[in-house]
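Here is how the chains run, residue by residue.
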Amino acid sequence: MGRTYRCRKQRLKLAAEHEQSKDESFLPDLYKYLSSLQWKNESRLTARNFPLTGRGLCSKQAICGTEPELIRLPIDALLTIKTLEDDEGFREMFDEEKFDKDHKISFQSLMAFYVLYQMALGQESPFKPYLKSLPTYFSTPYFCPIAELQCLPENILERTVEQNRLIKESYKNLKIVLRNAEDFELKYPMAQFRWSYFVVNTRSVYVLGKQIKSDKLYFQNLLSEDYNLALAPFLDLFNHSDLVQTEADVMRHTASKQLEFVLTLANGDGAKIPAYRQIFISYGALSNLKLLTEYGFFLPSNRHDLFEFSLMDIENFLHMEKSFKGRVFHKNKFKFIRDHNLCDQMFVHQHEGVSHNLQVVLHLLFKEESHFPNILNQVAFGSIENLQNVNEEVGLLLKFKVKEYEMYIKSLESLRDLTKSGYIAKMYLQECLRYMDECLLGL
């Protein structure tokens, strides 16, 4: 009960400090739009604002059963590769002769451009009811100004830099492959493309492309990857919880025979979800770092969370820790660790303890006297029973990161006004401190 109470209290505090949009004026038009595509809303879902999360979905009736269906959305209601292929006006914007290996883009980027294209159509867009439901801003660290980014850890910056690279490269390639790009930047500004990129990033669902493929294959030579995602109007209002599991599939309706995207609560224990209580789904078993950088939020006491270390973290730790002064850590060991990818999956888990790779790396650095590759290979890939306990070293490493994160938080707090993204990043760092303290207690 203690942990549950603390978790609930933390989530309430987090939600109370977040400003939430209460605009639900888009709902009637969205209902009408989906109904025109034969959506029946058999679960009687509706959108509301909730204290913990802001806007989310609930049902006007109790949801019962061990594996209840939450929603059945007609495939035609989803924005998919077929939507883009069948849109003649959108296709005509592109010059197929410019599609080559040097100017490929991801399907996520193409879908992001399609959202912008539909936004530019304004009242003429057939998806206007859906577009009105989209958030106006996102709170991922990507949208932090430079002053805030300079106060964030390297692991967040790396992900943000990679996102920025992908967005800028896609934007540049889109301009190249259009028939007429003279007013491209004026009509589709980079700032709006960043927004639409995160519309797709945060709100898309996984759908096998072969289940919804179009008869046309116009964009095939432009895409750098499969087209296994879709935007799902109304369904994308479900919020995420680490405490539930959901399953999604494409299947035919028994009576109408039309294809539908069906979302089911998979780990139900038969307990009733009361009417008007928020219904959560699972975006996957995601850590808080993943949730923050991809979706712009995190979950206090997230059961899928862990704390990762990079090899640079360990190198900085060895350099800064006073008790290691004068001790030599042979460069061959670091080369061996990198060459064999042992620096991947180095983490501590609050309940499961130290990951295997972290244990191996710390053993090689602190316990193994030899620096010859054949000996290191025998130790690293031999019996786990030969690895010595490294809890003391893990404890020192965690304390080093605690001090580092305290400095990041202090730097953020020194800024005059934090943006929404900066504020949530600061709260995330505070959650990391709590998590590391719990890990230290468990050693």
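Every value quoted in this text rests on a predicted model; they were computed, and no experiment measured them.

Engineer: Summarise the overall build of the protein; cite the residues concerned and give the values.
Structural biologist: Tallying secondary structure elements over the protein gives 18 helices and twelve strands in all. The C-alpha radius of gyration computed for the protein amounts to 25 Å, which stays within 12% of the reference 22 Å derived for 443 residues, consistent with globular compactness. The C-alpha extent of the protein, read off along each of the three principal axes, is 70 × 55 × 50 Å. Across the 443 residues that make up the protein, the buried fraction comes to 51%. Sequence separation of at least 24 residues holds for 75% of the intrachain contacts in the protein that already meet a minimum separation of 6.

Engineer: Describe the pattern of salt bridges, with residues and values.
Structural biologist: Pairs may arise between side chains of opposite charge once their charged atoms sit close together. Within this structure, the stated rule accounts for 16 salt bridges. Within the structure, one salt-bridge network assembled from shared partners comprises Glu 69, Arg 72 and Glu 260.

Engineer: Please set out the pairing of strand β2 (residues 54-59) residue by residue, giving values where relevant.
Structural biologist: Counting buried positions along β2 gives six out of six residues, so the element sits mostly inside the fold. Two strands pair when backbone bridges link them, and strand β1 (residues 45-50) and β2 are joined in this way by six bridges, in the antiparallel orientation. Among the inter-strand pairings, Phe 50 is bridged to a residue of β2, identified as Gly 54. Hairpin connection between β1 and β2: a loop of three residues separates the two successive antiparallel strands.

Engineer: Lay out the sheet that holds strand β7 (residues 246-252) with the relevant residues and their values.
Structural biologist: With antiparallel pairing, three strands are arranged side by side in an open sheet as β3-β8-β7. The open sheet is flanked by β3 (69-74) and β7, the only strands paired with a single partner. Each strand of the sheet is rotated relative to its neighbour by a mean of 20°, with strand direction disregarded.

Engineer: How would you sum up the sheet that holds strand β10 (residues 307-308)? Please name residues and give values.
Structural biologist: Reading across from one edge, β10-β11-β12 is the order of the three strands in this open sheet, with antiparallel pairing throughout. Because the sheet does not close on itself, it has two edges, and the strands there are β10 and β12 (353-354). Direction of pairing for strand β11 (residues 347-349) relative to β12: antiparallel, over a ladder of two bridges. The residue of β12 that forms the bridge with His 349 is Gly 353. Set on the sheet, helix α18 (residues 420-442) makes contact with β10 and β11; between it and β11 the angle comes to about 75°.

Engineer: So what about unusual backbone geometry? Which residues, and what values?
Structural biologist: Although it is not a glycine, Asn 41 adopts a positive phi angle of roughly 50°. The residue Asn 41 is located in the loop between α2 (27-35) and β1 in this model. Located in the positive-phi region is Phe 234, a residue other than glycine, with phi close to 70°. Tracing the backbone shows Phe 234 in the loop between β5 (229-231) and β6 (239-240). The exposure class of Phe 234 is buried, given its relative accessible area of 0%.

Engineer: Describe the side chain of Ser 287, listing the residues and the values that go with them.
Structural biologist: Position of Ser 287 among the secondary structure elements: in the loop between β9 (280-281) and α12 (288-295). Discounting chain neighbours no more than four positions away, the residues touching Ser 287 are Asn 302, His 304 and Asp 305.

Engineer: I'd love a proper account of the nonpolar core, names of residues and values included.
Structural biologist: Residues Phe 90, Phe 94, Leu 110, Phe 113, Phe 234 and Phe 238 are the most contacted members of the largest nonpolar core, which totals 78 residues. At nine residues, the largest contribution of residues to this core is made by helix α5 (residues 107-121). Filtering out sequence-adjacent residues up to four positions away, Leu 110 remains in contact with Leu 84, Phe 90, Phe 94, Ile 105, Phe 219, Leu 222 and Leu 223. By size, the runner-up hydrophobic cluster in this structure holds 54 residues, among which are Ile 156, Leu 311, Leu 397 and Ala 425.

Engineer: Explain the packing of helix α10 (residues 190-203) against α12 residue by residue, including any values.
Structural biologist: Between α10 and α12, whose axes approach to 9 Å, the crossing angle comes to 145°. Between α10 and α12, the contacting residues are Phe 198, Asn 201 and Thr 202 on the first element and Thr 293, Glu 294 and Tyr 295 on the second. In terms of residue class, the contact of α10 with α12 is built from two nonpolar, three polar and one charged.

Engineer: Quick one: what's the story with the environment of Glu 162, residue by residue and with numbers?
Structural biologist: Secondary-structure assignment places Glu 162 in helix α8 (residues 154-177). Along the primary structure Glu 162 and Tyr 142 are separated by 20 residues, whereas in three dimensions their C-alpha atoms are 9.8 Å apart.

Engineer: I'd like a rundown of the confidence of the model for the protein, residues and numbers included.
Structural biologist: Here the protein averages 91 in pLDDT, and 94% of its residues register 70 or above. Confidence drops under pLDDT 50 across residues 1-6; counting only partners more than four residues distant or on other chains, this segment forms one contact. A low-confidence stretch, residues 15-22 stays under pLDDT 50, and its non-local contacts, those more than four residues away or across chains, total 14 contacts.

How each quantity is defined
Residues numbered from 1 in each chain as written. Predicted model: local features only at pLDDT ≥ 70, side-chain atom pairs only at ≥ 80, totals over all residues. Heavy atoms only, no water. Helix = DSSP H or I, 4+ residues; strand = E, 2+ residues; numbered from the N terminus. Rg over C-alpha atoms; globule rule 2.2 N^0.38 Å. Buried < 20%, exposed > 50% of the residue type's maximum accessible area, 1.4 Å probe, protein only. Contact = heavy atoms within 4.5 Å. Salt bridge = Lys/Arg side-chain N within 4 Å of Asp/Glu carboxyl O. Pairing = 2+ DSSP bridges. Axes fitted to C-alpha atoms, helices over the stretch in contact; angles between N-to-C directions. Core = buried A, V, L, I, M, F, W, Y, C linked by side-chain atoms within 4.5 Å. Nonpolar A, V, L, I, M, F, W, Y, C, P; charged D, E, K, R; others polar. pLDDT = per-residue confidence, 0-100.

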